[in-house]
Amino acid sequence: MNKKLFFLVAIGMLLTACRSHYQLVGVERTRIVVDSRYDRQPDEAAARFLAPYKHQVDSVMGPVMGFAARNMAVERPESNLSNLLSDILVWAASDYGEKPVLGVYNMGGIRAELTKGEVTYGDLLDIAPFENKIAFITLTGESLLKLFRQIARRGGEGVSRGCELVISADGELLSARLNGEEIDSKADYRITTIDYLLGGNDGMDAFKDGRDVNSPQEARNNTRFIIMNYFKQKAAKGEMVDAQVEGRIRIKR
């Protein structure tokens, strides 16, 4: 057998060996809350292995930032956690000399849940693990309606208090109000969000229509630090952080 023929036969055998009768038919994901329930039957061998590292990790991740009044999770079309983070963006705006009328936080960027009680640095890092920074942008009413239609098609995103969207089950925007008023297509609206969305990511390319962008890129403007500041301020006042589903985005069936 010549070398060329041998090579072709070898490749054919390799490809045949790599074939599998398995076929991917779908992909699903879910969030799993890892909390004290997993401590009921500790793995002693694992604990011994991790012991040398635990003190160092705990010193960084363990400090308590504040307290959550309830369990908070992400769910479309609206959830208590996405409401909270959108409101925090609006809350932080005064530190930047801004007065936005709307905050938008993408649900895909919220990567963990909060459990009732103490909230540590590590908990908030889990929620906002990316290097996203707070940002401000002006949209015309026409572009804002475009954004709301895109949010409707996604089945909902995080929006701040005062936003009222009604969408259909198939993702059509049926109505939109902001602070009790209809959207004026000719007016300007100042919005706070994260810089990741300014590029039109997560299906919200209406942000690319905006102008007068204020997007400070220093590390201290990372959303996780802004969220931490909110929790620490609440704790300093003896208050727990709370948020509820309020009907900001409703599906009309």
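Up top you'll find the structure we're talking about.
The residue count restarts for each chain, going from 1 along the sequence in the order it is written. Under the rules for a predicted model, residues below a pLDDT of 70 receive no local features and side-chain atom pairs below 80 are neither given nor counted, while totals for whole chains, interfaces and linings still include all residues. Computation of side-chain values covers all heavy atoms of the structure but excludes hydrogens and water.

Engineer: For this particular structure, what's the right way to read the sheet that holds strand β8 (residues 181-182)?
Structural biologist: Strands belonging to one sheet form pairs held by backbone hydrogen bonds; the direction of such a pair is parallel or antiparallel. Strands qualify as paired when DSSP identifies two bridges or more between them. Helix and strand assignments follow DSSP, with helices taken as H or I runs no shorter than four residues and strands as E runs no shorter than two, numbered in order from the N terminus. Ordered in space as β8-β7-β6-β11, the four strands form an open sheet in which the pairing is mixed. Both edges of this open sheet fall to β8 and β11 (249-252), since each of them pairs with a single strand only.

Engineer: Would you take a moment to explain the nonpolar core for this structure?
Structural biologist: A general feature of soluble globular proteins is that nonpolar side chains tend to end up buried together. We call a set of buried residues a nonpolar core when its members are Ala, Val, Leu, Ile, Met, Phe, Trp, Tyr or Cys and they connect through side-chain atoms within 4.5 Å of each other. Burial here depends on accessible area, computed with a 1.4 Å probe over protein chains only, as a share of the maximum for the residue type. Under 20% is buried, over 50% is exposed, and the range in between is partly exposed. Within the largest apolar cluster, 58 residues are counted, with the highest numbers of intra-cluster contacts made by Phe148, Phe207 and Phe231. It is helix α3 (residues 80-92) that contributes the most residues to this core, six residues altogether. Those residues in contact with Phe148 that lie beyond four places of it in its chain are Leu102, Cys163, Leu165, Leu173, Ala176 and Ile183. Two residues qualify as a contact provided that any one of their heavy atoms is within 4.5 Å of a heavy atom in the partner residue.

Engineer: Sorry, what's going on with the pairing of strand β6 (residues 163-168) here?
Structural biologist: One face of the sheet, then the other: side chains in a regular strand alternate in exactly this way. Counted residue by residue, β6 has five buried out of six residues, so it is predominantly covered. Across five bridges, the pairing between β6 and strand β7 (residues 173-178) is antiparallel. Paired with Cys163 across the bridge in β7 is Leu178. The turn joining β6 and β7, which pair antiparallel and follow one another in sequence, is formed by four residues; a positive phi near 90° is taken by Gly171. Across four bridges, β6 lies against β11 in parallel orientation. Residue pairing for β11: Val166 is matched across the bridge by Arg250.

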